[in-house]
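Working through the structure, step by step
The chain contents come next:
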Amino acid sequence: MRLFVALSLPADLRSRLCALSSGLPGARWVDPANLHLTLRFIGEVGGHEADDVDAALSGINGKRFSLTLSGLGQFGGDRRLRALWAGVEPNEALDHLQAKIETALQRAGLAPEKRKFKPHVTLARFKANPGERLQDYIVERSLFRAEPFEVTEFVLYSSYLAHKGAIYAPEATYPLI
Ligand code: 2AM
């Protein structure tokens, strides 16, 4: 199975993000139910490895914290535009949780994540590059700032590629205290 660790987002916040999800030619908007903030992409693992991942994540003692989505940005440029995302206000507690997850997963035998953690919520991927329209879109919404929300758990998701796109299923949730 293909796994990743993420924060789920409250319904009202997903609605707020949904309201951003139009007016950009070439964009494939993420299904509202699928909006999430990835903490660690794990990828394809076997059953035993999945159990080890679950055990490692279960051992994490993390504290609750508040998180605010703010600003929009893109990954990739003209040549290969990859994603449009909503950003996250700098958040030490989030970075700390992500570091704990990374350490726990390495102890469980996973190869280290080489990419630097850049917290974001992907809003769209692209079937065609909207060109200048994308810059206009981002500038017009640059003041985007959502209500803070309380992070009380993190989630291990599985991802299946279906006809209609990715289906994410929560496999386990880990409470923060
Ligand atoms: P993205 O939001 O930046 O696209 C489930 O696929 C989640 O894991 C997505 O949020 C995606 O990040 C992330 N993801 C998918 N493939 C990845 C990879 N090869 N490396 C890191 N993260 C990945």
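Below: a short report on this structure. Because the structure is predicted, anything quoted here is derived from the model rather than measured. (Residues numbered from 1 in each chain as written. Predicted model: local features only at pLDDT ≥ 70, side-chain atom pairs only at ≥ 80, totals over all residues. Heavy atoms only, no water.)

What the chain contains, in helices and strands, is four helices and ten strands. Counting helices and strands in the order they occur from the N terminus, the chain gives β-α-β-β-α-β-β-β-α-β-α-β-β-β. In terms of C-alpha radius of gyration, the chain reaches 17 Å, essentially the compact-globule figure of 16 Å for 177 residues. Each of the three principal axes of the chain carries a C-alpha extent, and together these read 45 × 35 × 30 Å. Considering the chain as a whole, with its 177 residues, one finds that 43% of them fall into the buried category. A sequence separation of at least 24 residues applies to 78% of the contacts in the chain between residues at least 6 apart. Surface summary for the chain: the accessible area is close to 10100 Å², and the carbon and sulfur share equals 50%. (Helix = DSSP H or I, 4+ residues; strand = E, 2+ residues; numbered from the N terminus. Rg over C-alpha atoms; globule rule 2.2 N^0.38 Å. Buried < 20%, exposed > 50% of the residue type's maximum accessible area, 1.4 Å probe, protein only. Contact = heavy atoms within 4.5 Å. Areas by Shrake-Rupley, 256 points an atom, 1.4 Å probe, with all protein chains shown as cover.)

Before going further, it helps to spend a moment on the packing of aromatic side chains. Enumeration according to the criterion identifies five aromatic pairs in this entry. Among the aromatic residues, those joined into a ring-pair cluster are Phe 4, Tyr 157 and Tyr 168. For the cation-ring pair, Arg 141 lies above Tyr 137, with the distance from its terminal atom to the ring centre recorded as 3.7 Å. (Phe/Tyr/Trp six-rings, centres within 6.5 Å; stacked < 30°, edge-to-face > 60°. Lys NZ or Arg CZ within 6 Å of the ring centre and 35° of its normal.)

The environment of the ligand is made up of Arg 2, Phe 4, His 36, Thr 38, Phe 41, Arg 115, His 120, Thr 122, Arg 125 and Tyr 168. Between the ligand and the protein, one listed contact pairs a nitrogen atom with a side-chain N or O atom of Arg 115 at 3.1 Å. Burial of the ligand by the surrounding chains reaches 73%, relative to a free accessible area of 470 Å². Breaking the shell around the ligand down by element, the ones donating at least two residues are strand E1 (2–8), strand E3 (36–44) and strand E7 (120–126). Residues belonging to the shell around the ligand are distributed by class as follows: three nonpolar, four polar and three charged. (Near = heavy atom within 4 Å. Polar contact = N/O pair within 3.5 Å; in protein donor to acceptor, adjacent residues only side chain to side chain. Nonpolar A, V, L, I, M, F, W, Y, C, P; charged D, E, K, R; others polar.)

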